[in-house]
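Here are the chains, one letter per residue:
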Amino acid sequence: MGEMKLFFGPNHPGLHGNFSVHMYVEGDTVIRARPVPGFLHRGFEKLMERRLWYQNLALIPRICVQEPDINEACYAMAIEKIAKVDVPERAQWIRMIVLELARIANHMWAFGGVGGPTGMYTSMYWSVSDRDKVLDLFEELSGARIYHMYIIPGGVRKDFPPHFEEKLVKLLDYIEGRLPEYETFVLKNRILHTRLRGIATIDTETCLKIGVTGIGLRATGVPYDIRKIAPYLFYDRVEFDVPTATEGDALARISLKPQEIRQSIRIIRQALEYMPSGPVNTKIADGNGLRIRVPKGMAYAKVESTRGEYGYLVVSDGEEKPYRVAVRGASYPQGLYGVEHLMPGTRIDDVPIWLDTMGVCAPEIDR
Amino acid sequence: MSEKNERNERNEKNETKTLQKSFFAPLLGWKALFEKPVTIRVPKEKREAAPRYRGFHINDWEKCIGCGTCSRICPTDAITMVEVPDMKQEYGMKPQRPTIDYGRCSFCGMCVDICTTGSLQMTREYIFFSHDANDFYYAPTERGLLDKEPSEIKVGWTRDESSELLDLDRILPDAMESSERIDSFVEFVKAYSKEQAVAEAARCVECGICVDRCPQHMRIPEYIKSIWKDDLKDALKWLLKGDEEQSNLGANPLSGVCGRVCTHRCEEVCTISHRGEAVAIRWLKRYIVDNVPIEEWNDAVSFDTSKTDKKVAIVGSGPAGLSAGYFLASMGYDVNVYESMNRPGGVMRYGIPKYRLPDEALDKDIAFIEAMGVKILTGVAVGRDISFDELKNRYDAIFISTGLTLGRSTRVPGSDHPDVVQALPLLREIRDYLRGEGPEPKIAKRVVVIGGGNVAMDIARSLARLQKMKYGEVNVTLTCLERTYEEMPADLEEIEEAIEEGITINPGWGPKEVIFFPDEDKIKGLKCVKCVEVFDENKRFNPKYDESQVSYFDGDMIIEAIGQAPDYSYLPEEWKAKIQFVGPRILTNNLRQTQIPWLFAGGDIVNGPDIIHGIADGYWAARGIDEYLDSNGNVEK
Ligand SMILES: Cc1cc2nc3c(=O)[nH]c(=O)nc-3n(C[C@H](O)[C@H](O)[C@H](O)COP(=O)(O)OP(=O)(O)OC[C@H]3O[C@@H](n4cnc5c(N)ncnc54)[C@H](O)[C@@H]3O)c2cc1C
Ligand code: SF4
Ligand code: SF4
Ligand code: SF4
């Protein structure tokens, strides 16, 4: 049988955003694969150079739709590093809570994600509706469900609304109660085991070679987590574990998610306990929102996203707009190098599983 | 190292074994059959948005001033400011309102957080259907996009202290304490440092509301922005050349003076003052002028003009005269300014006290005006040293700006005594004395000042300083008809500072009679009666007194500071008869042309009441004279 070329995507239920892979197949096995990014390229980095420091807050969450807050956090933290401002304590705790909530929401989404290519749609319905409960809280806190635009340079925009903490604790209790159900229903499901075990396997060495971090690396047994390795915010003041697995396959990666959700819940509970009252932001410069200037300088800020290391390199020449902002999308390595080098050998029907469990996120690759 | 091992160990324990598959696992899904569906069936069901939801906007049109700040912050360019026809025009607001394109809006809420008046808010409304795309282009009102009764609309995202995007607090320049400043005539408000000025400039939102209020329409947002960008030469260019596209409208050749003593009406309307303290426009202007060395002015500001052969005479070197001279010279005219005093500047030189306006500041402005080619002939009084007709013969046009040089008296019994003096001549004497150009004026140990305006404050505070320097203590009593500080025409700031300096202020009294020591030609004080009303129901000055309430204010000397009047004695009757007067003032058209085509007038004898109005008069007169000389005829405007 000869080689055939097949197009995967750019639209596919197993994809988060538009992304395409050109597959050269023999029979039902991929021989060669070429990622074709760019469908979601909106020139974010360039646009940022033409907008005021504050105006960019409306732009950046869009770089990662499912976990917008990491953009806000990295952008803010990099600017704060350059401007050498100390963010009030309360704001730091709030940011941690936001980031962990985003993590929970995104892991939930991933259960839905794996439901698509494996045909387990119930899993998708469950997780999406549970994720919505997290979005409800985001709406309470920030006024928006998806694009929160809540973390700003200097802190966060507003303090908790009334009764937010109670609602948050209730939500955490609920999710904790739901996790065993997910584990039974999704992770013990025969179909899932059959489809995911031994699929899209990656080993530590390859991860390190091409730059895969996050769950991808942890599923090969390396407890690499930026919250531990280079703690930001107050991650060094809370206790949490870094769950790992050894198999390095799709099943291992999915199986880590409920574990991670448990750790996020643990972090949020501690944050609620430790956070003091007080102001929730500080000015990064004199003047109004139109006239904020960040001093000359360059800084890189990174956080642990659900897909691994997510970072912003911000360069300021001291003017009212950034000189340059570069985004390190967490799935850049697996999405580009990974597809080309690791995907060959995968069966056609496993390609969506490959892309999904590797956490390939098109908008953050395209930026 | 050990820590790392520990961590690894912990993680070892934590390592996930993928869960064993189970045949029964999928059956759990049946559970959902008994649960309520999560889908919201719109429109049958409705979901209320969160209290701070960022939904469609509402805008209170009564509060909104059309400043456009919302449109400037909008990251998606969703807001356009649209002119509203038939909207009442008043200072401090623009007849335009924001219009939002919901095809662009990202619902970030920054417009709300920066709205200078707090008129703009977001609602909890988020569902809107229309087949017409134009319906999504909408100027928010109180009724919202869904056109509801305002009371039925649930407000969502609003600005609070933490989401605030304006900078509400003014940066105060350093100033001397009253105990220190009272010992000398040193200018007590210090100039901004660079850090202070840049930080203050960063508070401006570039709306231009202030520009409309400034009589000369100075390019305030532009020069403030240049300060913020630390480009002082550019800032100076905006001050001295104004808008080059609009015949230099907005230029102010006396920026150093105005940066200190302007009445700063612009600040009263500054957009930031709605929720915070106005931008310190005046101090920022001073910062520019003080920080560009005069040698560099030519470099920053040059006019390219070709000389004409026409000559213009100006009578009076106050702000109006100097301004007219500056603009005429910039147009290429040969300008001679006649000034009866020994130094140029008018009230700026001889009236305003030195602690507010030092000579050096005035000199710097005038030096540049002279460098532009304006010739100032001091010590030449028109009518005395040269006749008005002589001027008429020698020049192609004349601009008169002779100001209000005569004092006014209360004419109460005893006010003809030599120790009852008027503020204006005394201020003149004091300034000459402080410059070392005149003898020490008579300084009484106890002084009563009559008057509630800024001139009264100036003389009271000047005398307080002289008393302190000479006798070591202040004894000045100020009394006026107006019954409260608010009613007094003087700036509140002036009143506060005067009180700090030890001046006693007794508002609400009308002078009745100067009291003398028995059998001596020596003043004992001033007898006053209670003033119960200053203005009548037609808002006309018509004071009413309660003669039964009497008060005596002790003093060896009494100063009258109750107003000034013009002196037209230099004008021949023949011309005076042709000029149209409104009370003491001369009537002109918009280009400051009198009934006599070659005669233009401005300053306090036409408009007043302050320096910047005089400067504006000078500007318009220069344009008028240019038009007149160009056309050799009447300019109708
Ligand atoms: C004490 C005092 C304090 C003031 N403080 C302020 C202030 O802080 N801020 C502010 O904005 N305004 C202030 N004003 C008002 C302001 O000074 C005047 O509005 C302004 O100076 C008017 O300008 P002008 O050009 O009309 O005339 P003036 O400044 O009055 O100048 C007129 C000039 O004409 C000369 N002149 C008159 N007749 C002849 C003649 N026949 N021949 C030759 N020359 C002649 C006079 O000597 C004088 O120099 C103050 C006024 C006074 C009296
Ligand atoms: S909410 Fe944001 S995007 Fe929408 S009009 Fe206001 S500033 Fe513009
Ligand atoms: S910022 Fe506020 S006051 Fe200014 S135009 Fe916009 S809505 Fe009106
Ligand atoms: S000074 Fe005030 S009124 Fe003038 S442009 Fe700036 S903010 Fe607007």
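Note that the structure is predicted; figures quoted are calculated from it, not measured. (Residues numbered from 1 in each chain as written. Chains lettered and ligands numbered in written order. Predicted model: local features only at pLDDT ≥ 70, side-chain atom pairs only at ≥ 80, totals over all residues. Heavy atoms only, no water.)

With respect to the pattern of salt bridges
Throughout the structure, instances matching the rule amount to 86 salt bridges over all chains. For the salt bridge of Glu260 of chain A with Arg218 of chain A, the shortest nitrogen-to-oxygen distance reads 2.7 Å. Remark: Arg218 of chain A occurs in helix H8 (residues 214-218) and Glu260 of chain A occurs in helix H10 (residues 250-274); sequence separation between them is 42 residues. Overall, the relative accessible area of 2% leaves Glu260 of chain A in the buried class. A salt bridge links Asp234 of chain B to Lys237 of chain B, with the shortest nitrogen-to-oxygen separation between them at 3.5 Å. Of the two residues, Asp234 of chain B and Lys237 of chain B are both situated in helix H8 (residues 232-241); the distance of three residues between them amounts to about one turn of the helix. For Lys237 of chain B, a relative accessible area of 24% puts it in the partly exposed group. Overlapping salt bridges bring together Arg181, Arg356, Asp458, Arg461, Arg465, Glu494, Glu497, Glu500 and Glu501 of chain B as one network. (Salt bridge = Lys/Arg side-chain N within 4 Å of Asp/Glu carboxyl O. Helix = DSSP H or I, 4+ residues; strand = E, 2+ residues; numbered from the N terminus. Buried < 20%, exposed > 50% of the residue type's maximum accessible area, 1.4 Å probe, protein only.)

Examining the packing of aromatic side chains
One pair of aromatic rings is described through two measures. These are the centre distance and the angle between the planes. Within the structure shown, the criterion is met by 34 aromatic pairs over all chains. Here a set of aromatic residues connected by ring pairs shows up, and it is made of Trp297, Phe303, Tyr326, Phe327, Phe368, Tyr619 and Trp620 of chain B. Against the face of Trp157 of chain B rests Lys158 of chain A, its NZ or CZ located 4.1 Å from the ring centre. Directly above the aromatic system of Trp228 of chain B lies the positively charged group of Arg291 of chain A, at a separation of 4.8 Å from the ring centroid. (Phe/Tyr/Trp six-rings, centres within 6.5 Å; stacked < 30°, edge-to-face > 60°. Lys NZ or Arg CZ within 6 Å of the ring centre and 35° of its normal.)

Examining the sheet that holds strand E3 (residues 96-101) of chain B
Residue and element names in this part refer to chain B. Across the sheet, which stays open at both edges, the three strands sit in the order E2-E3-E5 with antiparallel pairing between neighbours. Looking at the sheet topology across the chains shown, the edges are occupied by strand E2 (79-83) and strand E5 (137-138). The pairing of E2 with E3 spans five bridges and is classified as antiparallel. Residue pairing across strands places Val82 opposite Arg97, the latter belonging to E3. (Pairing = 2+ DSSP bridges.)

Here we look at the domain arrangement of chain B
When the parts of a complex come together, some accessible area is lost, and that lost area is often taken as the interface size. Residue and element names in this part refer to chain B. Under the domain assignment used here, chain B contains domain 1 (57-152), domain 2 (178-300), domain 3 (311-402 + 568-631) and domain 4 (406-565). Averaged C-alpha coordinates put domain 1 and domain 2 at centres separated by 31 Å. At the boundary of domain 1 with domain 2, total buried surface from both sides reaches about 1000 Å², with 62% on carbon and sulfur atoms. For the domain 1 face of the interface with domain 2, the top three residues by lost area are Tyr91, Lys94 and Thr116, together amounting to 44%. Connecting domain 1 to domain 2 are zero salt bridges. For the pair domain 1 and domain 2, the number of links is four residue pairs in polar contact (both at pLDDT 80 or more). Elements that contribute at least two residues to the side of domain 1 that touches domain 2 include exactly helix H2 (69-73) and helix H3 (110-114). Looking at the side of domain 1 that touches domain 2, its residues break down into six nonpolar, five polar and three charged. (Domains from an automatic or database assignment. Buried area = accessible area lost by both parts, 1.4 Å probe. Polar contact = N/O pair within 3.5 Å; in protein donor to acceptor, adjacent residues only side chain to side chain. Nonpolar A, V, L, I, M, F, W, Y, C, P; charged D, E, K, R; others polar.)

Re the site of ligand 4
Neighbouring ligand 4 are 13 residues, the closest being Cys204, Cys207, Gly208, Cys210 and Cys270 of chain B. A class-by-class count of the residues in the shell around ligand 4 yields ten nonpolar, two polar and one charged. (Near = heavy atom within 4 Å.)

Quick notes on the site of ligand 1
All names here are of chain B. Ligand 1 sits among 35 residues. The nearest are Val261, Glu339, Arg356, Val382 and Asp604. Here Gly346 contributes a backbone N or O atom positioned 3.5 Å from an oxygen atom of ligand 1. At 3.0 Å, a backbone N or O of Ile611 approaches an oxygen atom of ligand 1. Protein chains bury 92% of the 990 Å² of accessible surface belonging to ligand 1 in isolation. Listed by contribution, the elements that provide at least two residues to the shell around ligand 1 are helix H13 (319-330), strand E7 (334-339), helix H17 (423-434) and helix H18 (454-471). Of the residues that constitute the shell around ligand 1, the class distribution is 18 nonpolar, twelve polar and five charged. Counting contributing residues, the shell around ligand 1 receives three or more from each of domain 3 (311-402 + 568-631) and domain 4 (406-565). (Areas by Shrake-Rupley, 256 points an atom, 1.4 Å probe, with all protein chains shown as cover.)

Section: the interface of chain B and chain A
Across the contact, 60 residues belong to chain B and 63 residues belong to chain A. Buried surface at the junction of chain B and chain A, summed over both partners, amounts to about 5100 Å²; 52% is from carbon and sulfur atoms. Joining chain B to chain A, the criterion identifies seven salt bridges. A salt bridge links Lys229 of chain B to Glu320 of chain A, with the shortest nitrogen-to-oxygen separation between them at 3.0 Å. Counting the contacts that link chain B with chain A gives 27 residue pairs in polar contact (both at pLDDT 80 or more). Listing elements by their share of the side of chain B that touches chain A, those giving two or more residues are helix H1 (2-14), H2, H3, helix H5 (194-201) and helix H7 (220-228) of chain B. Broken down by element, the residue count for the side of chain B that touches chain A peaks at five residues, all from H1 of chain B. Its residues placed into classes, the side of chain B that touches chain A shows 28 nonpolar, 14 polar and 18 charged. (Contact = heavy atoms within 4.5 Å.)

Side note on empty space enclosed by the protein
Residues and elements named next belong to chain A. Taken as a whole and assessed by the stated rule, the structure comprises nine cavities of 30 Å³ or more. Here the largest cavity defines a volume of roughly 200 Å³. For the largest cavity, the lining is made up of 20 residues, of which Lys257, Thr306, Arg307, Met358 and Gly359 are closest to its centre. Put simply, the parts of the chain that give the lining of the largest cavity at least two residues each are helix H3 (89-118), H8, H10 and helix H12 (351-357). Considering each element in turn, the lining of the largest cavity owes the most residues, four residues, to H3. Looking at the lining of the largest cavity, its residues break down into five nonpolar, eleven polar and four charged. (1 Å grid on protein atoms, 1.4 Å probe; cavity = no way out; pocket = protein on both sides within 12 Å on 5 of 7 lines; lining within 4 Å. Points joined across faces, edges and corners; volume = space filled by probe spheres on them.)

Re the sheet that holds strand E15 (residues 509-516) of chain B
The strands making up a sheet associate through hydrogen bonds between their backbones, and the pairing can be parallel or antiparallel. Residue and element names in this part refer to chain B. In spatial order, the strands read E15-E16-E17; together these three strands make up an open sheet with antiparallel pairing. Both edges of this open sheet fall to E15 and strand E17 (541-554), since each of them pairs with a single strand only. The average undirected angle you get between the axes of adjacent strands in this sheet is 25°. Of the strand pairs in this sheet, strand E16 (residues 523-535) and E17 are connected by nine bridges, and their pairing is antiparallel. Residue Leu526 lies in a different strand from E17, and its bridge partner there is Phe553. (Axes fitted to C-alpha atoms, helices over the stretch in contact; angles between N-to-C directions.)

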